[in-house]
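The lines below spell out each chain.
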Amino acid sequence: IEGNVIKNTIGYNIEVKHENDNLRTVSNMTLTGKTIIRYNVFTKEQNASTGPDARPCLLVGNFPPTTIGSTDFYEIYNNFFYENPVEALFQGTGNIMLYNNVFVNHQTGGWGVEIREHNGFQPREVKVFHNTVIIAAGTGVNFYNCNTSYGQFAVANAVFSFPMIM
């Protein structure tokens, strides 16, 4: 997913999740794949839903918990995330490499990066690095209730927010 400007959507700007078990076979694809999301602009400056219908700009969710595809990962880099009045700019679970992105949210009810369980699936290998995060009133980077059996870290990010949780 690259080179898009996605703005002012009511729900998610983009939602990628719920790959089915056994969707691939060894004969038609690699055993470990990646979904690349790069060079995009995501913004929900206007039109965003509120209350229980509020959604992040970009949500990436789980791969199959076992079988082919369970070790796949998201590689998300060189994107610009701008404004979400009531939700995270980015929310993710699964295997994620999130780097070289810019996150800006001046909205009083929005925040930056949220790594957390989604639909019963825990974050796995998560690497958040070399991002710039500027958040006016919420959390910059948050790892919430993660599975410590996996390597999960945030390092070398420039985070400007209050409060800052990493």
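Residue positions are given per chain, counted from 1 along the sequence in the order it is written. Local features in this predicted model are restricted to residues whose pLDDT is 70 or higher, and side-chain atom pairs enter the listing and the counts only when it is 80 or higher, whereas totals over whole chains, interfaces and linings include all residues. With hydrogens and water stripped out, all remaining heavy atoms of the structure feed into the side-chain values.

A. Seen up close, the overall build of the protein chain. For the purposes of this entry, the term helix denotes a DSSP run of H or I that reaches at least four residues, the term strand denotes a run of E that reaches at least two, and both are numbered from the N terminus. Tallying secondary structure elements over the protein chain gives zero helices and 16 strands in all. Relative to the globule expectation of 15 Å for 166 residues, the C-alpha radius of gyration of the protein chain, 15 Å, shows essentially globular dimensions. Each principal axis of the C-alpha atoms in the protein chain carries an extent, and together these give about 50 × 30 × 30 Å. Each residue is assigned to one of three classes by its accessible area relative to the maximum for its type, calculated with a 1.4 Å probe on protein chains only: buried under 20%, partly exposed between the two thresholds, exposed over 50%. Counting every position in the protein chain, which comprises 166 residues, the buried fraction comes to 45%. For the protein chain, long-range pairs separated by at least 24 residues make up 71% of all intrachain contacts whose partners lie at least 6 apart in sequence. Just so you have it, the protein chain exposes about 7,900 Å², and 54% of that area is on carbon and sulfur atoms. The convention is simple: Lys and Arg are positive, Asp and Glu are negative, and His and the chain ends are not counted. For charged residues, the charge sits on one atom: NZ in Lys, CZ in Arg, CG in Asp, CD in Glu. For the protein chain, the separation between the mean place of its 10 positive charges and that of its 13 negative charges on side chains is 2 Å. In this description the radius of gyration comes from C-alpha coordinates, and the expected globular size is given by 2.2 Å times residues to the power 0.38. We call two residues in contact whenever any of their non-hydrogen atoms come within 4.5 Å of each other. To measure how exposed things are, a 1.4 Å probe is used in the Shrake-Rupley method; for residues, cover is taken only from the protein chains shown.

B. Highlighting the environment of asparagine 119. Within the secondary structure, asparagine 119 is located in the loop between strand 11 (111-116) and strand 12 (126-129). Taking C-alpha positions, asparagine 119 is 10.0 Å from lysine 17, a pair spaced 102 residues apart along the chain. The residues contacting asparagine 119, other than those within four sequence positions of it, are Lys17 and His18. Any pair of N or O atoms that falls within 3.5 Å is considered a polar contact. Within protein, one atom must be able to donate a hydrogen and the other to accept it, and sequence-neighbouring residues count only if both atoms are side-chain atoms. Of the polar contacts made by the side chain of asparagine 119, one reaches the side chain of histidine 118; its length is 3.3 Å.

C. View of the sheet that holds strand 14 (residues 141-144). Strands pair, by our definition, only if DSSP identifies at least two bridges between them. Across the sheet, five strands lie side by side as 2-5-8-11-14; this open sheet has parallel pairing. Whereas interior strands pair on both sides, the edge strands pair on one side only; in this sheet they are strand 2 (14-16) and strand 14. The average undirected angle you get between the axes of adjacent strands in this sheet is 10°. Pairing of strand 2 with strand 5 (residues 58-60), which is carried by three bridges, proceeds in the parallel orientation. Each bridged residue has a counterpart across the sheet, and for glutamate 15 the counterpart in strand 5 is leucine 59. Orientation is described by axes fitted as lines to C-alpha atoms, over the contacting stretch for helices, and by angles from 0 to 180 degrees between their N-to-C directions.

D. Representation of unusual backbone geometry within the structure. At tyrosine 39, a position not held by glycine, the phi torsion is positive, near 55°. Summarising the element assignment, tyrosine 39 is placed in the loop between strand 3 (34-38) and strand 4 (41-43). Backbone geometry at glutamate 83 places phi at a positive 60°, although glycine is not the residue there. Tracing the backbone shows glutamate 83 in the loop between strand 7 (80-82) and strand 8 (88-92). Looking at glutamate 83, the relative accessible area reads 3%, which means it is buried.

E. Region of interest: the sheet that holds strand 12. Read across the sheet, five strands follow the order 3-6-9-12-15 without closing on themselves; strand pairing throughout is parallel. Among the strands making up the open sheet, the edge pair consists of strand 3 and strand 15 (152-155). Strand-to-strand twist in this sheet, taken as the mean axis angle between neighbours without regard to direction, amounts to 5°. Relative to strand 9 (residues 96-99), strand 6 (residues 73-77) runs parallel, the two being bridged by four bridges. What sits directly across from glutamate 75, in strand 9, is methionine 97.

F. Structural view of the pairing of strand 12. The side-chain alternation of strand 12 yields one buried face, formed by Val126 and Val128, and one unburied face, formed by Lys127 and Phe129. Of the pairings in the sheet, the one linking strand 9 to strand 12 comprises four bridges and is parallel in character. Across the sheet, methionine 97 pairs through a bridge with lysine 127, a residue of strand 12. Across four bridges, the pairing between strand 12 and strand 15 is parallel. In the strand pairing of strand 15, lysine 127 is matched with phenylalanine 153.

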